[in-house]
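Reading the structure
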Amino acid sequence: MGRISESDAKRIEKDGQEELYRGAYNIGKVGIERTYEDALRGQPGFSVLEVTAGGRPVRYLESTPSVPGKNLTLSIDLNLQKVVEKAFGAEAGAMIAIDPSTGEILAFVSKPTYDPNLFLNGIDYDTWNQLNTSPRKPLLNRAMRGIYPIGSTYKPFMALAGLQYGVITPSTTINDQGVYELGGHKFRDAAKVHKGILDLRRSITVSSDIYYYKLAHDLGAERIHDFMEPWGFGQLTGIDLLGEQQGILPNAAWKEKQYKKPWLVGDTISLGIGQGYNAFTLLQLAHAVATVVDADFMREACGYLRRFKHIMDKLAKVVNLPRTPTDVPFFFKDTGMILFHKCHTTGGRADNVIVLPEQIVKTERQLHRFIFKTGIRHRLSATGLIQRIIDIYS
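Note that this is a predicted model, so its numbers are computed, not measured.

**Quick look at unusual backbone geometry**
Negative phi values dominate among residues other than glycine, just as trans dominates among peptide bonds. The omega torsion across Lys111 and Pro112 is -5°, close enough to zero to call that bond cis. Mapping Pro112 onto the fold places it in the loop between β6 (105–111) and α5 (125–133). The backbone of Lys192 shows a phi angle near 60°, a positive value even though the residue is not glycine. Tracing the sequence through the fold places Lys192 in the loop between β10 (185–188) and β11 (196–198). Its identity is not glycine, yet Lys260 carries a phi of approximately 60°, on the positive side. Within the secondary structure, Lys260 is located in the loop between α10 (252–259) and α11 (265–269).

See below:
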């Protein structure tokens with residue numbers, strides 16, 4: 001909340017809301033207060049009085065009571081929010097906790113922060129200058145406005161990309177000697193140690209840079225881009241807060257537009273470890289991880305298929321498969337297949353594979369985006385991600 005400024009007054013006038021703010025001094029500036037200003041504001045009341053020539057009230061002629069704004073219930077868990085804020089102490093950073101089953105945000109912390117009450121009646125110049133010029137940037141919402149290369153947290157998604165495109169299998173191994181050479185250039189592991197023979201599971205366990213340098217090179221920038229986009233990397237999540245940054249999910253077209261330069265093979269290597277031109281918000285990372293760990297995905301996706309089976313029958317052939325240890329639905333872009341474990345259109349049936357005809361590209365992409373963008377999301381234990389990936393492809 002803050003004092004109505006000149007720019008606020010112009011916006012109010014433009015929106016034809018002068019009557020709503022007559023006599024008001026404050027308005028929602030940022031965050032929930034800004035997004036839901038219209039709902040929280042309510043309707044002002046007024047009274048018409050008869051007064052004497054000296055201004056003394058004589059009687060009420062007319063009165064219209066004010067209407068309070070609506071109550072707003074947040075998904076934030078106050079106790080969790082307090083625990084996170086306390087845990088940060090004086091450190092800078094951000095943390096977002098999402099309930100994977102609902103998508104609700106339980107904690108949303110950016111540190112350091114500031115006292116919003118400073119703005120309530122108009123902030124003084126010295127305090128504003130101190131906040132605005134501080135090297136610790138307390139005004140920056142690091143959770144959704146800071147964009148960063150997210151490092152090794154990107155590797156599980158790279159593993160999924162490699163598996164989807166058939167570039168690797170769970171048993172694909174390399175000998176990590178601490179360096180990956182390409183075109184005479186050496187890309188080194190940040191840990192500066194040799195990690196030896198690694199398969200997919202081990203590559204995640206020891207966080208091998210070398211494994212993912214090679215995987216990025218084998219995948220190529222375009223396939224990495226196309227795989228990561230539906231997970232929300234470099235895309236707005238649509239959170240109901242103003243000011244969310246989109247970040248950068250790079251590929252050749254992006255570099256050409258941004259720098260007027262062609263994409264180089266060397267640009268691809270660092271993408272594999274979440275570095276290079278990658279620049280995402282922490283909210284995007286949290287959203288992607290929540291997508292991975294949503295247990296309700298299978299139930300909701302199966303319900304979707306049951307409800308629209310008469311449509312799907314026109315688009316796809318449903319075939320039964322033997323039961324597998326897989327419990328993760330997954331979209332295979334190249335083949336147009338979606339595997340749903342325990343997804344039964346009738347009781348007791350085996351797992352189904354939906355095989356979309358290649359020529360139905362538009363429908364395929366619509367279904368692809370439906371699954372990833374509408375709250376029908378995957379669920380995995382974050383710590384069990386690689387085991388589940390291996391289960392899918394074993």
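**Some remarks on a nonpolar patch on the surface**
A cluster of nonpolar side chains, namely Leu40, Leu72, Leu74 and Ile76, defines an oily patch on the protein surface of about 290 Å² accessible area. Position of Leu40 among the secondary structure elements: in helix α3 (residues 37–41). With a relative accessible area of 33%, Leu40 lands in the partly exposed category.

**What about the nonpolar core?**
In terms of nonpolar packing, the biggest core is built from 38 residues, with Tyr154, Met158, Tyr212, Ile224, Met228 and Phe233 touching the most fellow members. Elements with a minimum of two residues in this core: α6 (155–164), α8 (209–219), α9 (221–228) and α12 (282–292). It is α8 that contributes the most residues to this core, seven residues altogether. Among residues more than four places away in sequence, those in contact with Tyr154 are Ile224, Met228, Phe233, Leu249, Leu271, Gly274, Asn278 and Phe280. In this structure, Ile98, Ile105, Ile239 and Leu283 belong to the second largest nonpolar core, which totals 12 residues.

**Considering the packing of α6 against α9**
Orientation of α6 relative to α9, taken along the N-to-C sense of each, is 110°, at an axis distance of 10 Å. In this view, α6 runs roughly perpendicular relative to α9, as classed from their interaxial angle. Two secondary-structure elements touch here, α6 through Phe157, Met158, Leu160, Ala161 and Gln164 and α9 through Ile224, Phe227 and Met228. Split into classes, the residues belonging to the contact of α6 with α9 amount to seven nonpolar, one polar and no charged.

**Concerning the packing of α6 against α8**
At a minimum axis separation of 10 Å, α6 and α8 run at an interaxial angle of 40°. Judged by the angle between their axes, α6 and α8 are oblique. Crossing of α6 over α8 shows left-handed handedness. Residue-level inspection shows Lys155, Met158, Ala159, Ala161 and Gly162 of α6 in contact with α8, the latter providing Asp209, Tyr212, Leu215, Ala216 and Leu219.

**Examining the side chain of Gln284**
Counting through the fold element by element, Gln284 comes out in helix α12. Reaching out from Gln284, the side chain makes a polar contact with the backbone nitrogen of Gly234 at a distance of 3.1 Å. Sequence-distant contacts of Gln284, defined by excluding residues within four places in its chain, comprise Gly232, Phe233, Gly234, Gln235, Thr237, Gln245, Gln246 and Gly247.

**Some thoughts on the packing of aromatic side chains**
Tallied over the entire structure, the rule returns 14 aromatic pairs. Aromatic pair Phe187 and Tyr213: ring centres 5.8 Å apart, planes at 55°, arrangement tilted. One end of the pair, Phe187, is in strand β10; the other, Tyr213, is in helix α8, with 26 residues separating them in the sequence. The pair formed by Phe187 and Tyr213 is uniform in burial state, with each residue classed as buried.

**Looking at the pairing of strand β9 (residues 179–182)**
Summarising the sheet, β9 and β10 pair through four bridges and their orientation is antiparallel. Bridged to Tyr180 within β10 is Phe187. Here β9 folds back onto β10, and the loop between the two strands holds two residues, one of which, Gly183, carries a positive phi near 55°.

**Overview of the environment of Glu37**
Assignment of secondary structure puts Glu37 in helix α3. Its relative accessible area of 7% is what places Glu37 among the buried residues. Counting along the chain gives 32 residues from Glu37 to Gly69, while the straight-line C-alpha distance between them is 9.1 Å.

Definitions and cut-offs
- Residues numbered from 1 in each chain as written.
- Predicted model: local features only at pLDDT ≥ 70, side-chain atom pairs only at ≥ 80, totals over all residues.
- Heavy atoms only, no water.
- Helix = DSSP H or I, 4+ residues; strand = E, 2+ residues; numbered from the N terminus.
- Patch = residues over 30% accessible without salt bridge, like charges linked within 9 Å, V, L, I, M, F, W, Y side chains within 5 Å.
- Areas by Shrake-Rupley, 256 points an atom, 1.4 Å probe, with all protein chains shown as cover.
- Salt bridge = Lys/Arg side-chain N within 4 Å of Asp/Glu carboxyl O.
- Buried < 20%, exposed > 50% of the residue type's maximum accessible area, 1.4 Å probe, protein only.
- Core = buried A, V, L, I, M, F, W, Y, C linked by side-chain atoms within 4.5 Å.
- Contact = heavy atoms within 4.5 Å.
- Axes fitted to C-alpha atoms, helices over the stretch in contact; angles between N-to-C directions.
- Parallel < 35°, antiparallel > 145°, perpendicular 65-115°, else oblique.
- Nonpolar A, V, L, I, M, F, W, Y, C, P; charged D, E, K, R; others polar.
- Left-handed = near helix turned anticlockwise from the far one by under 90°.
- Polar contact = N/O pair within 3.5 Å; in protein donor to acceptor, adjacent residues only side chain to side chain.
- Phe/Tyr/Trp six-rings, centres within 6.5 Å; stacked < 30°, edge-to-face > 60°.
- Pairing = 2+ DSSP bridges.

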